[in-house]
Structures are given as C-alpha cells and as structure tokens.
Amino acid sequence: GYSVVSKSAVQHTEGLGGCSLSSSSIEFSTLTARERRILACLVEGFSNKQIANEIGGSIGAVKVQLRALMKKVQAENRTKAAVLAVKSGFEEWAEA
C-alpha cells in the first residue's frame, strides 16, 4: 500500500533532535481493530475528517480516539505515531 511516511523519511528523522524513536516500537497486537484502522489512516496521511469518513465516526470521536491511540503508543503527536508505526513494521504486519 501507499504510505505517506516513507522509510527514507523515517531514516531521516533518526538524526533529528526530539524525534528519536529508535528505542520505541509498537506492539500491534495490543491495539484494537479500530485503533489499527486509525493508525493505518495516519500512515496514509489522512486528516481527522478523512479518518472519520473511513471508520464511520464523527470528527470529535476521531480526536478522542487519536489522543488515546497516541498515548497508548507513546507518541507526542500524529506524525510521530505514523513514523513509529512505519518504523515498527506496521505496513508488513497489516498485510500479513
């Protein structure tokens, strides 16, 4: 699948201050199916409105779920969550 967060972008972030994710990874099996769908949308670069349309919820509900997901994966923001997902092998895991 197409990923907005490319592997080269992930590698580039490794040398940037405040974006060190090398010791972190996501245990995808601990995420609910809905959280995995939201994470996939983040990796694709979807806006909150697009995520709401994709999962069949409201924008407000998506915001709440995003905050919970980011807390669960220990990411400060949606971009870091997407980078962490790619770095942790989310695309390969999701296709399996």
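In what follows, the structure referred to is the one given above.
Caption draft 1: Fine view of the pattern of salt bridges. Tallied over the entire structure, the rule returns 2 salt bridges. K72 is the salt-bridge partner of E35, the closest N and O atoms lying 2.9 Å from each other. Highlighted residues: E35 in helix 2 (residues 33-44) and K72 in helix 4 (residues 59-72), separated in sequence by 37 residues. According to the relative accessible area criterion, E35 is buried, its value standing at 14%. The exposure class assigned to K72 is partly exposed, which follows from its relative accessible area of 39%.

Caption draft 2: Expanded view of the environment of I51. Residue placement: I51 occurs in helix 3 (residues 48-55). Note: C-alpha distance between I51 and C41 (10 residues apart in sequence) is 6.2 Å. Contact partners of I51, with chain neighbours within four places excluded, come to I38, C41, L42, F46, V62, L66 and R78.

Caption draft 3: The arrangement of helix 3 in detail. When helix 3 is considered as a whole, its buried residues turn out to be N48, I51, A52 and I55. End-on, the buried residues of helix 3 take up no more than an arc of 100°, which puts them together on one face. Residues of helix 3 that are exposed and point over 90 degrees away from its buried face: K49 and N53. Residues of helix 3 that are buried sit in contact with helix 2, helix 4 and helix 5 (78-87). Just beyond helix 3, the residue with positive phi is G56, at close to 75°.

Conventions and cut-offs
- Residues numbered from 1 in each chain as written.
- Predicted model: local features only at pLDDT ≥ 70, side-chain atom pairs only at ≥ 80, totals over all residues.
- Heavy atoms only, no water.
- Salt bridge = Lys/Arg side-chain N within 4 Å of Asp/Glu carboxyl O.
- Helix = DSSP H or I, 4+ residues; strand = E, 2+ residues; numbered from the N terminus.
- Buried < 20%, exposed > 50% of the residue type's maximum accessible area, 1.4 Å probe, protein only.
- Contact = heavy atoms within 4.5 Å.
- Arc of directions from axis to C-beta.

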